[in-house]
Amino acid sequence: MESSSEQGLKPLQSSPKPGCGRQGCACALPISERFVLWALRQWQQDRALPEEGSTLHRGFQMAGLQDVLPDFAIAMDAFLFGARRAMEIHLPTCSKVSRDEATLVALCGLAQGDYDGPLLASLDVMMAPTASRVAAIRLKAFAVALASAGLRLSPPPGAAGARLN
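From a predicted model like this one, the values you see are computed outputs, not experimental measurements.

Describing the packing of helix H1 (residues 31-46) against helix H2 (residues 55-62)
The interhelical angle for the contact between H1 and H2, taken along N-to-C directions, is 155°, at an axis separation of 9 Å. Taken together, H1 and H2 sit at an angle that is classed as roughly antiparallel. Here Phe35, Trp38, Ala39, Gln42, Trp43 and Asp46 of H1 come into contact with H2, specifically with Thr55, Leu56, Gly59 and Phe60. Each residue belonging to the contact of H1 with H2 can be placed in one class, and the counts come to 6 nonpolar, 3 polar and 1 charged.

Right, here's the structure in full:
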């Protein structure tokens, strides 16, 4: 009887991880989550409602989302001024995703998936109550617009195994 190596068979290998395989690397994220991460990082650079022609404005425009840019910026301002601690948001060129960035992306997924209870509970822990309400309303508008543009951040409601970073 031939051995498996003689038969040309290779040992069972696990499927490769998407992206580069480094733990916490942004390249493994789906395009929808990468857009949110990019937007968070660009907003961090601008720190104001982006002006026409800015990188953030052009990115939202190219994605067909310029109408929801104010909702996104107001939600991020609510995080800036209402968070109980400073959020760790990396520079746009950083390949690593911080825990805070992963949390903000996951919160957008909750908003998009109509998980309002968990969204509000999470925001209440992270922020002052008045800021959390503003953030929830604006994140919801932003996330719904992403979904209508084809950028899904969450599984369909009721799907098991929702992925939260």
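Some words on helix H5 (residues 116-126)
What H5 keeps buried is the set Leu119, Leu123 and Met126. All buried residues of H5 lie within an arc of 60° about the axis, which places them on one face of the element. In this structure, the buried side of H5 is in contact with helix H3 (69-82), helix H4 (99-112) and helix H6 (129-148).

Some details on the side chain of Asp71
Tracing the backbone shows Asp71 in helix H3. Accessibility expressed as a relative area gives 16% for Asp71, which makes it buried.

Details of the confidence of the model for the chain
Residues at a pLDDT of 70 or more form 79% of the chain, whose mean pLDDT is 82. Predicted confidence is poor over residues 160-165, with pLDDT under 50, and the contacts of this stretch with residues over four places away or in other chains come to 8 contacts.

Considerations on the packing of H5 against H6
Close contact between H5 and H6 brings their axes to 9 Å; oriented N to C, the two are set at 140°. Considering the angle they form, H5 stands oblique to H6. H5 and H6 meet at a crossing whose hand is right-handed. Along the contact surface, H5 presents Asp116, Leu119, Leu120, Leu123 and Asp124, while H6 presents Pro129, Ser132, Arg133, Ala135, Ala136 and Lys140.

Quick notes on the nonpolar core
Judged by nonpolar contacts, the single largest core of 38 residues is most densely connected at Phe60, Phe72, Phe79, Leu107 and Phe142. Put simply, the parts of the chain that give this core at least two residues each are H1, H2, H3, H4, H5 and H6. Examining the composition of this core, we find that 8 residues originate from one element, H6, more than from any other. Sequence-distant contacts of Phe142, defined by excluding residues within four places in its chain, comprise Phe35, Val36, Phe60, Val68, Asp71, Phe72 and Cys108. Membership of the second largest hydrophobic core comes to 5 residues, among which are Ala26, Leu29, Leu37 and Val97.

Cut-offs applied
- Every chain begins its residue count from 1, and numbering advances along the sequence as written.
- Local features in this predicted model are restricted to residues whose pLDDT is 70 or higher, and side-chain atom pairs enter the listing and the counts only when it is 80 or higher, whereas totals over whole chains, interfaces and linings include all residues.
- In computing side-chain values, all of the structure's heavy atoms are included and hydrogens and water are not.
- In this analysis, axes come from line fits to C-alpha atoms, helices being fitted only over the stretch in contact, and the angle between any two N-to-C directions falls in the range 0 to 180 degrees.
- Secondary structure elements are defined from DSSP: runs of H or I of at least 4 residues count as helices, runs of E of at least 2 residues count as strands, and each element is numbered from the N terminus.
- Note on angle classes: values under 35 degrees are labelled roughly parallel, values over 145 roughly antiparallel, values of 65 to 115 roughly perpendicular, and the remainder oblique.
- Contact criterion: two residues are considered in contact whenever any of their non-hydrogen atoms come within 4.5 Å of each other.
- Amino acids outside the nonpolar list (Ala, Val, Leu, Ile, Met, Phe, Trp, Tyr, Cys, Pro) and the charged list (Asp, Glu, Lys, Arg) are all regarded as polar, and Gly is one of them.
- Burial classification: accessible surface area is computed with a 1.4 Å probe over protein chains only, and a residue below 20% of its type maximum counts as buried, one above 50% as exposed, and the rest as partly exposed.
- Working note: the arc is built from the helix axis to C-beta atom directions.
- Note on scores: pLDDT gives the predictor's confidence for each residue, bounded by 0 and 100.
- Here a crossing is called left-handed whenever its near helix is offset anticlockwise from the far helix by less than a right angle, and right-handed whenever the offset is clockwise.
- Only buried Ala, Val, Leu, Ile, Met, Phe, Trp, Tyr and Cys residues count toward a nonpolar core, and they belong to the same one when joined by side-chain atoms within 4.5 Å.

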